[in-house]
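Structural description and commentary
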Amino acid sequence: MTSTFLALASVGIALSTLLIASLAIKIALIVLTAFLLVATGMSLALDIARPKPSRIS
């Protein structure tokens, strides 16, 4: 759930840069988007690496 939110937030911020005229603000938003994408990757990696409970019947 967290990784989905982070991914959607980064896409939303990246798309919002199309509407902003100031170059400095665009660069800041793109850097923020990059950090969110890194956080998304880390969250997914932790979800995948988390040990699953064994199913012994």
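Thresholds applied
- Residues numbered from 1 in each chain as written.
- Predicted model: local features only at pLDDT ≥ 70, side-chain atom pairs only at ≥ 80, totals over all residues.
- Heavy atoms only, no water.
- Helix = DSSP H or I, 4+ residues; strand = E, 2+ residues; numbered from the N terminus.
- Buried < 20%, exposed > 50% of the residue type's maximum accessible area, 1.4 Å probe, protein only.
- Areas by Shrake-Rupley, 256 points an atom, 1.4 Å probe, with all protein chains shown as cover.
- Contact = heavy atoms within 4.5 Å.
- Salt bridge = Lys/Arg side-chain N within 4 Å of Asp/Glu carboxyl O.
- Patch = residues over 30% accessible without salt bridge, like charges linked within 9 Å, V, L, I, M, F, W, Y side chains within 5 Å.
- Axes fitted to C-alpha atoms, helices over the stretch in contact; angles between N-to-C directions.
- Parallel < 35°, antiparallel > 145°, perpendicular 65-115°, else oblique.
- Left-handed = near helix turned anticlockwise from the far one by under 90°.
- Nonpolar A, V, L, I, M, F, W, Y, C, P; charged D, E, K, R; others polar.

1. Observations concerning the overall build of the chain
- Secondary structure summary: the chain contains 2 helices and 0 strands in total.
- Within the chain, the fraction of its 57 residues that count as buried is 18%.
- By element, 78% of the accessible surface of the chain is carried by carbon and sulfur atoms, the whole surface being about 4700 Å².

2. What about the side chain of T17?
- Topologically, T17 is positioned in the loop between α1 (2–16) and α2 (23–49).
- The contacts of T17, once residues within four sequence positions are left out, are K26, L29 and I30.

3. Observations regarding the pattern of salt bridges
- Enumeration according to the criterion identifies 1 salt bridge in this entry.
- R50 is the partner of D47 in a salt bridge, and the nearest nitrogen-oxygen pair spans 3.4 Å.

4. With respect to a nonpolar patch on the surface
- Taken together, the side chains of V11, L15, L18 and L19 make up a nonpolar region of the molecular surface, amounting to roughly 480 Å² of accessible area.
- Looking at the element boundaries, L18 is found in the loop between α1 and α2.

5. So, the environment of T17
- On the basis of relative accessibility, which here comes to 9%, the residue T17 falls in the buried class.
- For the pair formed by T17 and A28, sequence separation is 11 residues and the distance between their alpha carbons is 9.5 Å.

6. Looking at the environment of L29
- Residue position: L29 is located in helix α2.
- For the pair L29 and T17, spaced 12 residues apart in sequence, the C-alpha to C-alpha distance is 6.8 Å.
- Setting aside anything within four residues of it in sequence, one finds L29 in contact with I13, S16, T17 and I20.

7. Structural notes on the packing of α1 against α2
- The interhelical angle for the contact between α1 and α2, taken along N-to-C directions, is 165 degrees, at an axis separation of 9 Å. Between α1 and α2, the angle falls in the class roughly antiparallel. Here the hand of the crossing between α1 and α2 comes out left-handed. In this structure, α1 contributes T2, S3, L6, A7, A9, S10, I13, A14 and S16 to the contact, and α2 contributes L29, L32, T33, L36, L37, A39, T40, S43 and L44.
- Its residues assigned to classes, the contact of α1 with α2 comprises 11 nonpolar, 7 polar and no charged.

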